[in-house]
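# Notes for the structure review
In case you want the letters, here they are:
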Amino acid sequence: MILVLLITTLVSCDPALTALFTPPRPGLGRYEVCTTTDPLGEVAERAAGPHYGPTELLEPFDAFGAAGSYDRAALARLYAGTRVRVARGWIRYVDRFESVTLLSPYPDAMLTRLLPGTMVITWTTAVRR
């Protein structure tokens, strides 16, 4: 319980970012986009968290995908040739499965500036037994 409280104080979830960078009506599960001022490496190393693969440097379109409603031209101008640091991971709980993508730096909701810290995109689906 204390770990959950600590994590919730470290991240701020943003419905505007969720609307921009995730599918509008996912066929399965739900998405949430949160941000933290913590560096990607620290977020990925937190105890009892998801299992992350190696960090990659990706082009913005590869990092953010094509499912969201964001303005692709604005995102390209914002990153201006800079790559996005990305780590992908997952965690299985008794009642759900979560896929987590960490991105840094990340854009603000207006796509006008890059912010330090980490964007955390989480897809959650129920686990049936």
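Everything here concerns the structure above.
Because the structure is predicted, anything quoted here is derived from the model rather than measured. (Residues numbered from 1 in each chain as written. Predicted model: local features only at pLDDT ≥ 70, side-chain atom pairs only at ≥ 80, totals over all residues. Heavy atoms only, no water.)

### Focus: helix 5 (residues 72-79)
For helix 5, the full list of buried residues reads Ala-74, Leu-75, Leu-78 and Tyr-79. What you see down the axis of helix 5 is that its buried residues fit within an arc of 125°, all on one side. Residues of helix 5 that are buried sit in contact with helix 2 (15-21), helix 4 (60-64), strand 5 (84-92), strand 7 (106-107) and strand 8 (114-115). Here helix 5 starts with a cap whose side-chain oxygen sits 3.0 Å from the backbone nitrogen of Ala-73, and that cap is Asp-71. (Buried < 20%, exposed > 50% of the residue type's maximum accessible area, 1.4 Å probe, protein only. Helix = DSSP H or I, 4+ residues; strand = E, 2+ residues; numbered from the N terminus. Arc of directions from axis to C-beta. Contact = heavy atoms within 4.5 Å. Polar contact = N/O pair within 3.5 Å; in protein donor to acceptor, adjacent residues only side chain to side chain.)

### Some words on the side chain of Thr-22
The topology assignment puts Thr-22 in the loop between helix 2 and strand 2 (30-36). Within polar-contact distance, the side chain of Thr-22 engages the backbone oxygen of Thr-18 at 2.5 Å.

### Brief notes about the pairing of strand 5
Pairing of strand 3 (residues 51-52) with strand 5, which is carried by two bridges, proceeds in the antiparallel orientation. Its bridge partner lying in strand 5, His-51 is registered against Trp-90. Strand direction decides the pairing type here: strand 4 (residues 56-58) and strand 5, joined by three bridges, are antiparallel. Note that in strand 5 the partner of Leu-57 across the bridge is Arg-85. Where strand 5 lies against strand 6 (residues 96-104), eight bridges are found, and the strand directions are antiparallel. Bridge assignment links Ile-91 to a residue of strand 6, and that residue is Glu-98. (Pairing = 2+ DSSP bridges.)

### Here we look at the packing of aromatic side chains
Under the criterion given, the structure shown has five aromatic pairs. Relative to Phe-64, the ring of Phe-21 lies with its centre 4.7 Å away and its plane at 40°, an arrangement referred to as tilted. One end of the pair, Phe-21, is in helix 2; the other, Phe-64, is in helix 4, and 43 residues separate them in sequence. Aromatic ring contacts, followed pair by pair, group Phe-21, Phe-64, Tyr-70 and Tyr-79 into a single cluster. Here the guanidinium or amino end of Arg-72 rests over the ring plane of Tyr-70, the centre of that ring lying 4.2 Å away. (Phe/Tyr/Trp six-rings, centres within 6.5 Å; stacked < 30°, edge-to-face > 60°. Lys NZ or Arg CZ within 6 Å of the ring centre and 35° of its normal.)

### Some points on the layout of surface pockets
For the second largest pocket, the calculated volume is near 190 Å³. Of all elements in the fold, only helix 4, strand 6 and strand 9 (118-126) reach the threshold of two or more residues within the lining of the second largest pocket. It is helix 4 that provides the largest number of residues to the lining of the second largest pocket, a total of three residues. Here the lining of the second largest pocket is built from residues that sort into nine nonpolar, four polar and two charged. (1 Å grid on protein atoms, 1.4 Å probe; cavity = no way out; pocket = protein on both sides within 12 Å on 5 of 7 lines; lining within 4 Å. Points joined across faces, edges and corners; volume = space filled by probe spheres on them. Nonpolar A, V, L, I, M, F, W, Y, C, P; charged D, E, K, R; others polar.)

### Quick look at the pairing of strand 2
Taken together, the two bridges between strand 1 (residues 12-13) and strand 2 define a ladder with antiparallel strand orientation. Its bridge partner lying in strand 2, Ser-12 is registered against Thr-35.

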